[in-house]
Each structure stands twice: as C-alpha cells, then as structure tokens.
Amino acid sequence: MPLDIWIVGDGAREQAIYSACLNSPLSHDVSMKSVDDCYQAISLYEAVDLPELVIFGPEEPVCLGLVDKFAQVGVKCIGVDKKFSRLESSKLFAKQFMANNGIKCAKLLPIESDAFPQVLKFDGLCKGKGVKVVYSDDEKNEFARKFLGMRYFIEEFLEGDEISVMSYFYGGRLINFRPARDFKRLSADKNSPNTGGMGAYCPVNLTKEQQKRLDIYLNKLGTALIKEGAEFQGFIYSGLIWTRDDWYVLEYNVRLGDPECQAILENLENDFLDILLNGSIPRYKKGVGACLTIAAEGYPDTPVKNDEIILPKASNVTVYKAGVREENGKMFSNGGRVLSLCINSDNPFPQLREYADRVVMKHKYFRKDIDIIW
Ligand code: AMP
Ligand code: GLY
C-alpha cells in the first residue's frame, strides 16, 4: 500500500527528498512539514491524521528526540534516535564512540597546547560554526570566547582530501551511498569563510587503496552501531579525510548532507524510497551527479534579501528552492543559500555555471571555480 509521508524541513535537501518520494510508486501523499507542525501533530495525535512515515532532513529535530516522540505514537521514522543523535550533537560523545570501536580520528591535544595549526571544536550543535582551525594563541582565545559556557576541545590538524559518505542504517546493517564531496568555502580562497556548502558532486573517484580502506571503515562503523545497540533506521554522515594512508573521521552528522544529498539523488538510478523502505541496494546512472548553490551576496553573514528571481526556461537542470519566498506567483530571495541547481551529466559544472549565469537575481553569488578534478 503506498504510504502517506511527511518530510521534515524546508531546504533544498528536503525538496530533493520530497521529489524523490513523490516520484516513487511507493508513496501516496507526500508533504513537507515544519518541526512545529510535527510537535503539534504529536500532541494531538488522537485527533489528527498522522502519516505512515516521517523522513527527517535537518539535525535539530533529530537531536531534540522527535524520532523517539513519533515512535511513541506509533509512527515509523527515517531518522536517528535521540541516543545516537549525540554522534552529531556531542563531538565528545562521537570521539568516545570512535575510541570504543577502533575508528581512526584526530588525536586530542591538551587545551593549552601550542602545536599550531590545531583545531578547536565546541561540543554542541553550532550550525556548522563550532569548528575552527587556529594558527595562534590569539586566534584560539578569540574563537574560544565565541561560545562562552560551552565545552570545547582541541585536536590535531589533519591535512588531506575530504569526502562525505552517507550511510543508511537499516535492519542492523549499513547501506552506503557512493562518496560525495562538497565545497564548504565561500570562494577558492582557503581563508574564506565556511558555508553550508557552495556545491557538491557524487561520485568521488577513489584509488583502489582508498576504496579498500573505505570499505574497512564502513564495516567498522556498521559493527560499532550494532555493538552499541543501535535500532533506528536513519542516516549517518561520515565526514572523512584521507591522511597517513587511511581515512580519519572529522565529524559525524545524523542526516544527509546538504548539498551532497542533491548530488547523490541526481546520480541515483533506482527508487530512493525503495531503498529506505525495503533496504534495496543503490544503483547509479552513468556520469556525475552535481549541485551548485546560488547564494545571495553577503552570505554567510548578511545576505541581501528580496531580489526578484527569474529562472531560465527549458533546461535539464533541476532547481530546488532553499531561501525563496513566493508572492503573487513571483519568487524573491529570502535567505543565504537561495537556489540549489542540480544535474547528472559527464561534465556537470560548466552546464550548471552556464545555467547560473542566466538566472536573474540582482545580488546572486555562486562559485565559478568549482569543477571536478579527477
Ligand atoms: P567538522 O564540523 O568537524 O567537520 O569540521 C568542519 C571542517 O573543519 C571539516 O570539513 C574540515 O575541513 C575542518 N576540520 C575539522 N576537523 C579537522 C581536523 N582535525 N584537521 C583539519 N581540518 C579539520
Ligand atoms: N555539506 C555539509 C553538511 O551538510 O554538513
């Protein structure tokens, strides 16, 4: 029986999940819901029609334990439960999880360490802003003051290429998607600020040794989740760096990456919902799934809002709206990351850039340098 499904969240990632569900024969009705909608529905659960499945996009509701709350009223969720959401909400919990299970990550350094560069990490949800590579005591002290009252730790700086690997924990095993890579910096300048993601692609070409090591790591992760008693069905995102001839974990997230999710779904050939409901194995199209973010000038600190947006017609680019307000049939920019442009092709970024050039939006900003370096 096709299911009534709610997608929690309202960004480009959630819209990509929404489209994938809508296009599946396994869905009946699909709608996007806010966290408030969910709380209200749970509190009135005897009086409202609850969906048969809830799929979580962002980490906040997952870390607040909304998956557990839906379970209490008999609704099945694709989302990590509260206990394991600490893999994202507490970086110290994640470190302990890795130490318990022989998973490699950066070494902790004493708080007073003067081995620079080093990495300062706050132990809580900081919307991606709680981590900084620091090069001096001054920089370290200035950043440490930012989240006063929150625990933090220092770890060694690792250098290497990063990948994002999305896994789906289902029925006591991990179903892994192909590795993706996102572009976190605002520009090609390595001192430019970190963003939610200016683009992404999937797959990332790995050497045989990197693939072998990745398989070993993912096996360890699956075994660790089972050993620690995980019973949820949900996504685990491993942020990995290749260094010292192996993959080291930089972070865990308890959700799909944004924009990595869009790139993966572009590249995916079979039904995403069938993977989620029945544990079928992902199959992929030829070419590369890719995504380019159109942001507003001023992002990430003070994005300019309220520009009218006109999208070019007739294109094979899929456009997901992230920070967009719609009024009287017109679209206006209404956030930092405004649009997510997606395509699967042999040479996706030139096509995405060409489309981005033609998008009308007065204060648009996108990275013109992103390309795939095989
Ligand atoms: P996180 O939120 O922990 O993934 O950190 C965000 C970004 O900071 C990562 O994608 C890396 O680029 C960088 N980063 C985090 N930890 C380290 C580390 N130990 N060494 C070098 N870079 C790091
Ligand atoms: N693109 C990085 C993230 O979703 O955390």
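Remember, predicted model here, so these are calculated numbers, not experimental data.

Visitor: Explain the pattern of salt bridges to me, and be specific about the residues and the numbers.
Guide: According to the stated counting rule, one finds 20 salt bridges in the structure shown. Among the salt bridges present, the one from Glu209 reaches Lys212, with a minimum N-O distance of 3.9 Å. Linking Glu209 with Lys212, this pair stays in helix H8 (residues 208-227), spanning 3 residues, or about one helical turn. What makes Lys212 partly exposed here is its relative accessible area of 44%. Glu354 is paired through a salt bridge with Arg358; the nearest N and O atoms lie 3.0 Å apart. Placement of the pair is Glu354 and Arg358 together in helix H11 (residues 348-358), with a separation of 4 residues, close to one helical turn. The class for Arg358 is partly exposed, based on a relative accessible area of 39%. Salt bridges sharing common partners tie together Lys104, Glu209, Lys212, Arg213 and Asp246.

Visitor: Help me get a handle on helix H9 (residues 260-267), residues and values and all.
Guide: Counting buried positions over the 8 residues of H9 gives 8, a clear majority of the element. Turning to H9, its buried residues number three or more, namely Glu260, Cys261, Gln262, Ala263, Ile264, Leu265, Glu266 and Asn267.

Visitor: Summarise empty space enclosed by the protein; cite the residues concerned and give the values.
Guide: Under the defined criterion, the tally for this structure stands at 1 cavity of 30 Å³ or more. Approximately 100 Å³ is the volume attributed to the largest cavity. Around the largest cavity, the lining comprises 14 residues; the ones closest to its centre are Lys91, Ala94, Met98, Leu250 and Glu251. Of all the elements in the fold, those that place two or more residues in the lining of the largest cavity are helix H5 (82-89), helix H6 (91-100), strand S8 (152-156) and strand S14 (246-253). Among the residues making up the lining of the largest cavity, the classes are represented as 8 nonpolar, no polar and 6 charged.

Rules and cut-offs
- Residues numbered from 1 in each chain as written.
- Chains lettered and ligands numbered in written order.
- Predicted model: local features only at pLDDT ≥ 70, side-chain atom pairs only at ≥ 80, totals over all residues.
- Heavy atoms only, no water.
- Salt bridge = Lys/Arg side-chain N within 4 Å of Asp/Glu carboxyl O.
- Helix = DSSP H or I, 4+ residues; strand = E, 2+ residues; numbered from the N terminus.
- Buried < 20%, exposed > 50% of the residue type's maximum accessible area, 1.4 Å probe, protein only.
- 1 Å grid on protein atoms, 1.4 Å probe; cavity = no way out; pocket = protein on both sides within 12 Å on 5 of 7 lines; lining within 4 Å.
- Points joined across faces, edges and corners; volume = space filled by probe spheres on them.
- Nonpolar A, V, L, I, M, F, W, Y, C, P; charged D, E, K, R; others polar.

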